[in-house]
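Coordinates in review
These are the residues of each chain, in order.
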Amino acid sequence: MTAAVETFELSKDYRVGFWRPRPYRALDNVSFSVEPGEVFGFLGPNGAGKTTTLKLLMQLVFPSSGRATILGRPVGDLAVKQRIGYLPENPYFYDNLTAEELVAYFASLFGIRGAERRKRVARLLDDVGIGAERRMQMRKFSKGMVQRVGLAQALINDPEVIFLDEPMSGLDPLGRRDVRNLILRLREEGRTVFFSSHILSDAESLCSRIAIVAKGRLVAAGRVSDMLAFRVLGWEIVLDDLPVAPSSDQWGGRLRRVTRLDEKRFSIELSEDVRPEETLPLLLARGGRLVSVNPVRESLEDFFVRQVNAAGDVSRFLDDAPRVTVGKSGETVTKKAAAGSGRGAQ
Amino acid sequence: MTLLDRPAGRIALLFGALLLLATAAGLQAMRDARFQTDQPAREVLYVQSPAAVSRLALSYDALASDIYWIRAIQHFGRTRLNKDDASDDYTLLFPLLDLCTSLDPYFNIAYRFGAIFLSEPPPGGPGQPELAIRLLQKGLVARPTKWEYLQDIGFVHYWFRQDYKAAAEWFDRAAKVPNAPWWLKPLAAHTLASGGDRQSSRMLYRALAQSDENEFMKKDAQRRLRQLDALDQVDQLNRIVSTVKEKGAVAPFTWERFIRSHILRRVPTDPDGFPYRLDEQTGSVTVNPASSLNPLPTEPQRASGTPPA
Amino acid sequence: MTTILRIAVQVFKECVRDRVFYNLVLFAVLLIGVSLLLGQMTAGQEVKIIKDLGLAATSVFGLFIAIFIGIGLVSKEVERRSIYSVLAKPVTRTQLVLGKYVGLQLTLAVNVAIMTIALYGVLAFYSWTTPALAKQAWEGPALDPAILKASYLILVELSVVTAIAVVFSTYSSALLSAVFTFGLAVAGQFSADLKNFESIVDSRALVWFLRGIYYVLPNLASFDVKLQVVHQLPVTASYLAWATMYAAVYVGALLIIAVVIFSKRDFK
């Protein structure tokens, strides 16, 4: 099955500085692939190269080396553009047009005409929550409303693959929730969603697979569940009807923390490497009832910070930096860098 | 709460502003009355070179030429109206017309008017017939077959330079242009033969008055014809006075005496309606100084010595 | 092709929204105002002056629109990044540049057309109110169809200036583009001078250099037939054909340059 999106050793150098321009490597040999029908999160801190990657995919900039494909064809292919949608970061559209006119204009560029166009424009604006304001000139729109219009124009052609650059940025919680629901709906409809973000909680709940970039390099990639399964930090047991409140001094330090939830209800965090199977009998010896047992996983945030810091440490030793790629079946492959491959930013 | 917060306060402030503006206007009036008002600066032509102006005008030469034309007319009109102000003269007239016609070499009226205005002797004009001829010859470069320019050159020679031979030559050249009117040939001949007399002048002006080119020119030609009529009438009246003197009449000479003696029916007036002046002592008749026909043209020398017909 | 037209129509609509056509109001005020004042000052030359003024104003206003809208056509979109969403659509960069150019030309064509109609309107008024006798003094009829030739060539000249503006717009910021385009437009008027320099200048190398510039610079002055039209001098159909061809060739070259520059640009 062809990947929805695939990049092969994609790199981008910019020249920075006026008098003696030096090369700045915004993206360094990034390779990943996105399966059709999945929601793929492209994560990283600001300046990591997320937007550069998206621009390379949209052919707004040209790669210094490497290549990329969308739906099996090289980027920029006109037939493919018919089947994709794109929402840029902090979008700006034509101020003196109304929302309706803007979406209709973009629809016309796809060749959608007449009654079909009117129908689609109306439906899409409804979907993104733009009501009567659709007849107002966009210069009067708030940031959130512009973002919604941006989503509408990204979806006007019923795309198979949707690219969203920081779709939640600048939205209030209501707006964020709407976007999340939209992405979920798109997934249900079988579309592929590729979105970049630095808000990890969204990625955690929406994405099936993610890639993390930092300083222009891919530092981690794979299934969210796989990556977070790496580290189980501990277990949390909730007990009720305990006759006596447990305390963390008991049982030889097996309990890291005890939190009282109610008069007889407690949440107990076990220390690292302590298994719940052996601790439960001890806790319930004097009576009580088991409510729940849950693993405490490293959050994506912790994972993220760890990876990014590692990348920062390591990028000083450029040629030894490991390259991480994501294979077709979702496994991550870490390879040592080939000697003599490009210098990164300092 | 300051004044700005209250609507009434804002209105009051605006009213105050209005008062201040009125005061400014009043001060201006006072200044004009009290202090010496600015002398209007003498009109200056900053750029005199046609080539430079043509470059500055980019592709808008025609419009620039129109502007210079308007300036030329205003300069002429203003100077003419301020006859008593000796500091005003017609110095800019030729440069302005020169610029105008350099920018638009086909600007017909500039050539023809220019010729008339430039030739007119002071105080009516600068009295520069040579410049008038130069201007017309420039017009001929752009339009060699415009017989009107050739005729005009002849005319300038005739009337303002009293060079009848040259005038006849130019009339002849004008007559040779295809499509030239029939009367140029006889005009050339007549000029040569008896140039300088009123008859050929009349012919010339009648021809001009017939040309449909321009309302202004027509009126000017008609006025010249009336001037010639006035000269005729003055001569006639002078003959009457001489006859009366021969019969023994003495001063004072007044129109009433002539009327009482039934020699004249009423006070003679020139074609513009102004009564002729009769000198009480000498009895010589002249055109009224207040007449709109003034200044009368100076009588050109006669080619063959015969008295005016 | 239809994509180009769609983009062109969009540009036209934007120009309308940007109130470009208000310049027509200024034009009308100018023409009518001046014709009211002219009466006393021109010794019977009103018709000539109105024609001169009308054509000159059509040219000047058109030039300003061509330059100031032209330079913003592409560079404004890039600066504001509204171009990101457009290029993600099935539109090639070439189609975008050409569409913008056609759209501005459409706007200019409408502008020139309306101005020409207004000019004819004022001339019709003069024709109607002037007695037949005075009319004989006019060099040419007030409602002279030859004026259309001048208007047409003004539009042709504007098409070249617009192309220059678009070329600069593809890689330069708005301000710089304005300066360069205006400079070229003015330089294009002086082509004749360049040719004449040859007789003044001594050095052969300089002569070749100047001659080279003369042929390379667009000779915008050759599109100016205002003088001829007003004075009833002939402007032949073959001249109009030559001018159209010259402009088409020049515009073609400029648009190709614009498309090539634009096609490889990174939008940072």
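Cut-offs and rules
- Residues numbered from 1 in each chain as written.
- Chains lettered and ligands numbered in written order.
- Predicted model: local features only at pLDDT ≥ 70, side-chain atom pairs only at ≥ 80, totals over all residues.
- Helix = DSSP H or I, 4+ residues; strand = E, 2+ residues; numbered from the N terminus.
- Buried ≥ 20, exposed ≤ 12 C-beta atoms within 10 Å, placed from the backbone.
- Contact = placed C-beta atoms within 7 Å.
- Nonpolar A, V, L, I, M, F, W, Y, C, P; charged D, E, K, R; others polar.
- Core = buried A, V, L, I, M, F, W, Y, C linked by C-beta atoms within 7 Å.
- Pairing = 2+ DSSP bridges.
- Axes fitted to C-alpha atoms, helices over the stretch in contact; angles between N-to-C directions.
- Parallel < 35°, antiparallel > 145°, perpendicular 65-115°, else oblique.
- pLDDT = per-residue confidence, 0-100.
- Left-handed = near helix turned anticlockwise from the far one by under 90°.

Comments concerning the overall build of chain C
The number of helices and strands found in chain C is 12 helices and 0 strands. Viewed in the frame of its principal axes, chain C has a C-alpha envelope of about 70 × 55 × 30 Å. In chain C, which comprises 268 residues, the share counted as buried stands at 41%. For chain C, restricting intrachain contacts to residue pairs at least 6 apart in sequence, the fraction spanning at least 24 positions comes to 83%.

Considering the overall build of chain B
Counting secondary structure elements, chain B contains 12 helices and 2 strands. Starting at the N terminus and ending at the C terminus, chain B contains elements arranged as α-α-α-α-α-α-α-α-α-α-α-α-β-β. At a minimum sequence separation of 6, the contacts of chain B that also span at least 24 residues come to 53%.

Notes on the interface of chain C and chain A
Contacts between the two partners involve 20 residues from chain C, matched on the other side by 21 residues from chain A. Only α1 (2-17) and α4 (83-87) of chain C provide two or more residues apiece to the side of chain C that touches chain A. The element best represented in the side of chain C that touches chain A is α1 of chain C, accounting for 5 residues. Residues belonging to the side of chain C that touches chain A are distributed by class as follows: 6 nonpolar, 5 polar and 9 charged.

A short note on the interface of chain C and chain B
Contact residues are listed per partner, giving 23 residues for chain C and 22 residues for chain B. At the level of elements, α3 (46-80) and α11 (226-230) of chain C are the ones that each hand at least two residues to the side of chain C that touches chain B. Considering each element in turn, the side of chain C that touches chain B owes the most residues, 5 residues, to α3 of chain C. Its residues assigned to classes, the side of chain C that touches chain B shows 12 nonpolar, 7 polar and 4 charged.

Observations regarding the nonpolar core
Of all hydrophobic cores here, the largest spans 197 residues; its most connected members are L102, V103 and I212 of chain A together with C100 of chain B. Once residues lying within four places of it in the same chain are set aside, the contact partners of L102 of chain A are F93, Y94, L97, M138, V149 and Q153 of chain A. One finds L239, F266, L270 and L283 of chain A within the second-largest nonpolar core, a separate group that totals 8 residues.

A word on the sheet that holds strand β2 (residues 22-34) of chain A
Backbone-to-backbone hydrogen bonds join strands into a sheet, with any given pair of strands oriented parallel or antiparallel. Residue and element names in this part refer to chain A. Judged by pairing direction, the sheet is antiparallel, and its 4 strands sit side by side in the order β2-β1-β4-β5 without closing on themselves. Edge strands, defined here as strands with exactly one partner in the open sheet, are β2 and β5 (73-74). Pairing of strand β1 (residues 5-16) with strand β4 (residues 65-70), which is carried by 5 bridges, proceeds in the antiparallel orientation. Looking at β4, one finds that S11 is bridged to S65.

Details of helix α1 (residues 50-57) of chain A
All names here are of chain A. Summarising burial for α1: 8 of the 8 residues are buried, a large majority. For α1, the full list of buried residues reads K50, T51, T52, T53, L54, K55, L56 and L57. Q59 occupies a position one or two residues after α1 and carries a positive phi of about 55°.

Quick word on unusual backbone geometry
Residues and elements named next belong to chain B. Within the chain, Q162 stands out as a residue other than glycine whose phi angle is a positive 50°. Along the chain, the position of Q162 falls in the loop between α7 (147-160) and α8 (164-176). The phi angle at H262 is positive, at roughly 65°, despite the residue not being glycine. By the secondary structure assignment, H262 is in the loop between α12 (255-260) and β1 (277-278). A count of 7 C-beta atoms within 10 Å places H262 in the exposed class.

Quick word on the pairing of β1 of chain A
As judged from the 9 bridges shared by β1 of chain A and β2 of chain A, these two strands associate in the antiparallel manner. Following the sheet pairing, L10 of chain A is matched in β2 of chain A by V30 of chain A.

Brief notes about the pairing of β4 of chain A
All names here are of chain A. Judged from the 2 bridges that link them, β4 and β5 form a sheet pairing that is antiparallel. Counted as the bridge partner of I70 is R73 from β5. Linking β4 to β5, which pair antiparallel, is a turn of 2 residues; within it L71 sits at a positive phi near 50°.

Considerations on the environment of V193 of chain A
Residue and element names in this part refer to chain A. Assignment of secondary structure puts V193 in strand β8 (residues 192-197). When the C-alpha positions of V193 and P159 are compared, they lie 10.0 Å apart, and in sequence the two are 34 residues distant. Residues in contact with V193, not counting those within four places in the same chain, are V39, F40, I162, L164, I183, L186 and R187.

A look at the packing of helix α4 (residues 93-103) of chain B against helix α5 (residues 108-119) of chain B
To describe two helices that pack against each other, one gives the angle between their axes and the distance between the axes. All names here are of chain B. Packing of α4 against α5 leaves a shortest axis separation of 11 Å and a crossing angle of 170°. By the angle between their directions, the pair α4 and α5 is classed as roughly antiparallel. On the side of α4, the interface is formed by L93, F94, L97, C100 and T101, while α5 contributes A110, Y111, G114, F117 and L118. When the residues that make up the contact of α4 with α5 are grouped by side-chain class, the tally is 8 nonpolar, 2 polar and no charged.

Quick word on the environment of I116 of chain B
All names here are of chain B. Structurally, I116 is set in helix α5. We classify I116 as partly exposed; it has 17 C-beta atoms within 10 Å. For the pair I116 and R223, spaced 107 residues apart in the sequence, the C-alpha separation amounts to 14 Å.

Focus on the sheet that holds β8 of chain A
Residues and elements named next belong to chain A. Here we have 6 strands laid out as an open sheet, ordered β6-β7-β8-β3-β9-β10, and mixed in their pairing. Across the chains shown, the open sheet's two edge strands, defined by having one partner strand only, are β6 (84-87) and β10 (217-223). Neighbouring strand axes in the sheet, compared pairwise and without regard to direction, differ in orientation by 15° on average. Pairing analysis gives 4 bridges linking strand β3 (residues 39-43) to strand β9 (residues 209-214), with the strands arranged parallel. Counterpart to F40 in the pairing with β9 is R209. Lying on the sheet, helix α5 (residues 143-155) is in contact with β6 and β7 (161-165); it crosses β6 at an angle near 165°. Relative to β8, helix α6 (residues 173-188) is tilted by about 150°, and along the sheet it contacts β3, β7 and β8.

Some remarks on the confidence of the model for chain B
All names here are of chain B. For chain B, the mean per-residue pLDDT works out to 82, and 88% of the residues sit at or above 70. Here helix α9 (residues 184-194) is the element of chain B with the lowest mean pLDDT, 75, and helix α6 (residues 129-142) is the one with the highest, 92. This stretch, residues 301-309, has a pLDDT under 50; its non-local contacts, to residues over four places away or in other chains, come to 15 contacts.

Thoughts on the packing of helix α5 (residues 93-129) of chain C against helix α7 (residues 146-171) of chain C
All names here are of chain C. Packing of α5 against α7 leaves a shortest axis separation of 10 Å and a crossing angle of 150°. Classified by the angle between their axes, α5 and α7 sit roughly antiparallel to one another. Relative to α7, the crossing made by α5 is right-handed. Packed against α5, whose contacting residues are V97, K100, Y101, L104, Q105, L108, A109, V112, T116 and L119, the element α7 presents I147, L148, S151, I154, L155, L158, S159, T162, A163, V166 and T170 at the interface.

Re the environment of Y46 of chain B
Positionally, Y46 of chain B belongs in the loop between α1 (7-34) and α2 (50-56). Sequence separation between Y46 of chain B and G125 of chain B is 79 residues, and the spatial gap between their C-alpha atoms is 23 Å.

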